[in-house]
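Residue-level structure breakdown
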Amino acid sequence: MGLTNIYFVIVYWQDSTAFVPLRNLKFFVFRRFTMAKSLVGIQVLEKVAGWKMIAERTNETEEAVQTGEAKPAEFRIYRNDEMGVEIHVRRSLVKEGLDFLPGMVKDVETGKDLWNFFTEKESGFKGLGHLLAINGEVVIGLDEWGNLKKVVPIADLCKQKTVVVDGVSKTVGGRGVLATVQLKHSVAEALSSDQGRSIKAFITDAERTVMRKLDDARKAGEERERRAKETARRDRIAKIKARQQISGVVVEGGRGSRWATPVTEDEWMSFGTSDGMVAIVSGFTEDGKPIVPEDGVVEAFFIQYCKGGGGKPEKKARVMIRLRGYGEQPEPAKETSVSAPTLVKLETVFIEVSKDQAKSLGIDFGFQEVSLTDADGLSTLRKAGLNSGALVAISATDGSNRIQVEKFVDGRTQTLGLFEPIMM
């Protein structure tokens, strides 16, 4: 295979600064490697759709080795035309069996670095970067002594934009905290399985703070839901108890007269031992009158709970009575509303999206991260070219404390609707 004279610049790679030879660079024919079952390592770029190798070379030349200019290494460049990015990888030739490690990610159109391993090292990182594919998505995982410090989804690098709103620089776009933490755990699990050693997801203090607040919000939401159900149950029972009692003469199981609250078969088990006697009826008419058999005979009883039966209600002092008459059902009590929290201008908040909302709006359900701004900030984000599907919001104009959530699509904003914010 012939030698080709090509000029290159200095490039920073995974474990050292590689001075690429200025001449006599040898290009090798593409070789297939044995693929591991899990997509970790160079097989990620060779098997995931959309990636193709556009260059391959080595600096293992006699001159480089003799002069000590660079350690023997093999370099490759993979490109994804749809995403418009390139991934540069490097593999040391000093030891056999070593995999290719990611060195940088570049924007094809501008030539700018979207991510660089040397920059991570300058920031204090002392470990290795690994290539992975999680659910078909190419990710770089930064592992430092068994701690997965950071994940870099390649798709997010193309979406993120840095803008300045009210003098504050903020990165907007890409995935939020919840999705990032979930991805960390997935990457750590994949690396542990591939390398046969324990690698744990390292959750930052900032991520823990958000997760804790969201967990508190979730628990508060569950508590509100529990209280709402309990309130609804008590209100329902109160409405049942407010029905005018019916009376009748005992025709079976005793003697005398009985007064009882009319209930259906599905309602009586919600009563307690102190709620008096109830009588089972088939239902109620539109004007609230009980529906009873033609002979007017219904079952009446008190309620008790067995201590050894798991709290299951049972009938006590059961009798059959023949009704004399019954009354009207009172009007139901009006429900009260709870005011929403006060918004704070220009910050990160969260909204909770139901499955039905997610399906109709085309976004993920659950807690979603939203950048809260004002009209000027929204205009600034639009001018910055934010088109990643990021969610932003401004205060609602209907006088409430809700926020109006917008989604960036193709340089424009699409209104998703009004949501109650969860403050951080």
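For the structure, check the block above.
Residues numbered from 1 in each chain as written. Predicted model: local features only at pLDDT ≥ 70, side-chain atom pairs only at ≥ 80, totals over all residues. Heavy atoms only, no water.

Some remarks on the overall build of the chain
When helices and strands are counted, the chain shows 8 helices and 26 strands. Taking all 424 residues of the chain together, the buried fraction comes to 40%. Within the chain, contacts between residues at least 6 apart in sequence are counted, and of these 47% link residues at least 24 apart. (Helix = DSSP H or I, 4+ residues; strand = E, 2+ residues; numbered from the N terminus. Buried < 20%, exposed > 50% of the residue type's maximum accessible area, 1.4 Å probe, protein only. Contact = heavy atoms within 4.5 Å.)

Description of the environment of Arg208
Looking at where Arg208 falls in the secondary structure, it is placed in helix H6 (residues 205–241). Classification of Arg208 as partly exposed rests on a relative accessible area of 46%. Note: C-alpha distance between Arg208 and Val177 (31 residues apart in sequence) is 9.4 Å. At a separation of 3.3 Å, a polar atom in the side chain of Arg208 contacts the main-chain carbonyl oxygen of Ile203. (Polar contact = N/O pair within 3.5 Å; in protein donor to acceptor, adjacent residues only side chain to side chain.)

A look at the packing of aromatic side chains
Inspection of every chain in the model, using the stated rule, returns 3 aromatic pairs. Geometrically, the ring pair formed by Phe117 and Phe125 is edge-to-face, given 6.0 Å between the ring centres and 85° between the ring planes. Pair check on accessibility: Phe117 and Phe125 agree, each one buried. Considering the side-chain rings of Trp268 and Phe301, the 5.2 Å spacing of their centres and the 85° angle between planes classify their relative orientation as edge-to-face. Note that Trp268 is positioned in the loop between strand E15 (257–263) and strand E16 (278–280) and Phe301 in strand E19 (residues 297–305), a separation of 33 residues in sequence. Every member of this aromatic cluster is reached through a ring pair, and the members are Trp115, Phe117 and Phe125. Positioned above the aromatic ring of Phe75, the side-chain terminus of Arg57 is 4.1 Å from the ring centre. Lying across the ring of Phe202, Lys149 places its NZ or CZ 5.0 Å from the centre. (Phe/Tyr/Trp six-rings, centres within 6.5 Å; stacked < 30°, edge-to-face > 60°. Lys NZ or Arg CZ within 6 Å of the ring centre and 35° of its normal.)

Overview of the packing of helix H5 (residues 177–195) against H6
Between H5 and H6, the shortest axis-to-axis distance is 10 Å and the interhelical angle comes to 115°. Considered as vectors, H5 and H6 are oriented roughly perpendicular to each other. Relative to H6, H5 is oriented so that their crossing is left-handed. When H5 is examined against H6, the residues Val177, Leu178, Thr180, Val181 and Lys184 are found in contact with a partner set consisting of Glu207, Val210, Met211 and Leu214. When grouped by side-chain class, the residues that make up the contact of H5 with H6 number 6 nonpolar, 1 polar and 2 charged. (Axes fitted to C-alpha atoms, helices over the stretch in contact; angles between N-to-C directions. Parallel < 35°, antiparallel > 145°, perpendicular 65-115°, else oblique. Left-handed = near helix turned anticlockwise from the far one by under 90°. Nonpolar A, V, L, I, M, F, W, Y, C, P; charged D, E, K, R; others polar.)

A look at the sheet that holds strand E10 (residues 147–153)
Spatial strand order, E8-E9-E10-E13: 4 strands in an open sheet with mixed pairing. Lying at the two open borders of the sheet, with one neighbouring strand each, are strand E8 (128–134) and strand E13 (200–201). Across 2 bridges, the pairing between E10 and E13 is parallel. When the bridges of E13 are listed, Asn147 appears paired with Lys200. Lying over the sheet, H5 contacts E8, strand E9 (137–144), E10 and E13, oriented at roughly 115° with respect to E10. (Pairing = 2+ DSSP bridges.)

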